[in-house]
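Each chain, letter by letter, is given below.
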Amino acid sequence: MSRGETLSVPDRLSVDLERLILEGDLAPGEKLPAERELAQLLSVSRVSIREALRELENRGLIDRKPGRGTIILAPGETASAADEVIEAFSATRSELTDIMELRAIVEPPIARITASRAQPRDLTQLEELVKAMELDVTKERYAELDRAFHQAIAQYTHNPLLSLINEQIANQIAPSRASRYQTKARRQASSVAHRRIFEAIAARDGALAEEEARAHVHDISRQIARAADASAKPKELRDGLEQ
């Protein structure tokens, strides 16, 4: 069934705008056009625009204030107390093995919860991110989509604290997505894993979603270890490992 057959106009709009925010095309601090202008640009009613923006506001992705307009927020931007906790943690963060251990603890249970709570528009968003990662994109673009996919899963628990925690620790996870670890083999394996996670969530199978997310993190750990080993080898061997 196509997206148009399953989602209302406001839901389609919120999905499209959310994807732009999650993927970084709409940057934090950027101001959206007024409702009337958005309605004209997108050829929809102002009522649909208003409902879509209300959904994004409820998700903590935009801030709407009279006289200032609609401002894009980074996911989790509104909770400064948690920022201080994470900053303290950042000072003691160690190597990539510790980062991957953190991912193994955090991400699988979040996938389980999302499987029971994701709304139809959430599933549409996840599927679009999965499809985008299955295309032939640059390492940098893949890393952006990868982060957006995992953040979206946390967002769709509809628990703002889980979304906040996931967004904040994404800064710690970032080194594991560095381009030197983004081998072609890893990107292909990750795309397969992301689809499996999505399909488990779409099937409302929380146990399977958690299992697939855990297997994904463990596989990434192995891929990073291989890439790290390859970085110490001559260029000819490195090129061969990245094929």
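It should be noted that the structure appears before, not after, this text.
**Topic: unusual backbone geometry**
Argument step 1. Residue H158 is not a glycine yet carries a positive backbone phi of 60°.
Argument step 2. Residue position: H158 is located in the loop between α8 (139-155) and α9 (160-173).
Argument step 3. The exposure class assigned to H158 is partly exposed, which follows from its relative accessible area of 34%.
Argument step 4. Here the phi dihedral of R204 falls at roughly 65°; this positive angle occurs in a residue that is not glycine.
Argument step 5. The topology assignment puts R204 in the loop between α10 (184-202) and α11 (206-230).

**Considerations on the nonpolar core**
Argument step 1. With 28 residues, the main nonpolar core has L126, F149, I153 and I201 as its most contacted residues.
Argument step 2. With seven residues, α8 is the largest single contributor of residues to this core.
Argument step 3. Among all residues touching I153, those that are not within four sequence positions of it are I110, A111, T114, L126, I197 and I201.
Argument step 4. With 14 residues, the next largest nonpolar core counts L13, A39, I62 and I72 among its residues.

**Points about the packing of helix α6 (residues 96-117) against α8**
Argument step 1. It is at 8 Å that the axes of α6 and α8 come closest, and there the two elements cross at 55°. Looking at the two axes, α6 sits oblique to α8. Crossing geometry of α6 relative to α8 is assigned as left-handed. Facing R103, E107, I110, A111 and T114 of α6, the residues of α8 in contact are H150, I153 and A154.

Cut-offs and rules
- Residues numbered from 1 in each chain as written.
- Predicted model: local features only at pLDDT ≥ 70, side-chain atom pairs only at ≥ 80, totals over all residues.
- Heavy atoms only, no water.
- Helix = DSSP H or I, 4+ residues; strand = E, 2+ residues; numbered from the N terminus.
- Buried < 20%, exposed > 50% of the residue type's maximum accessible area, 1.4 Å probe, protein only.
- Core = buried A, V, L, I, M, F, W, Y, C linked by side-chain atoms within 4.5 Å.
- Contact = heavy atoms within 4.5 Å.
- Axes fitted to C-alpha atoms, helices over the stretch in contact; angles between N-to-C directions.
- Parallel < 35°, antiparallel > 145°, perpendicular 65-115°, else oblique.
- Left-handed = near helix turned anticlockwise from the far one by under 90°.

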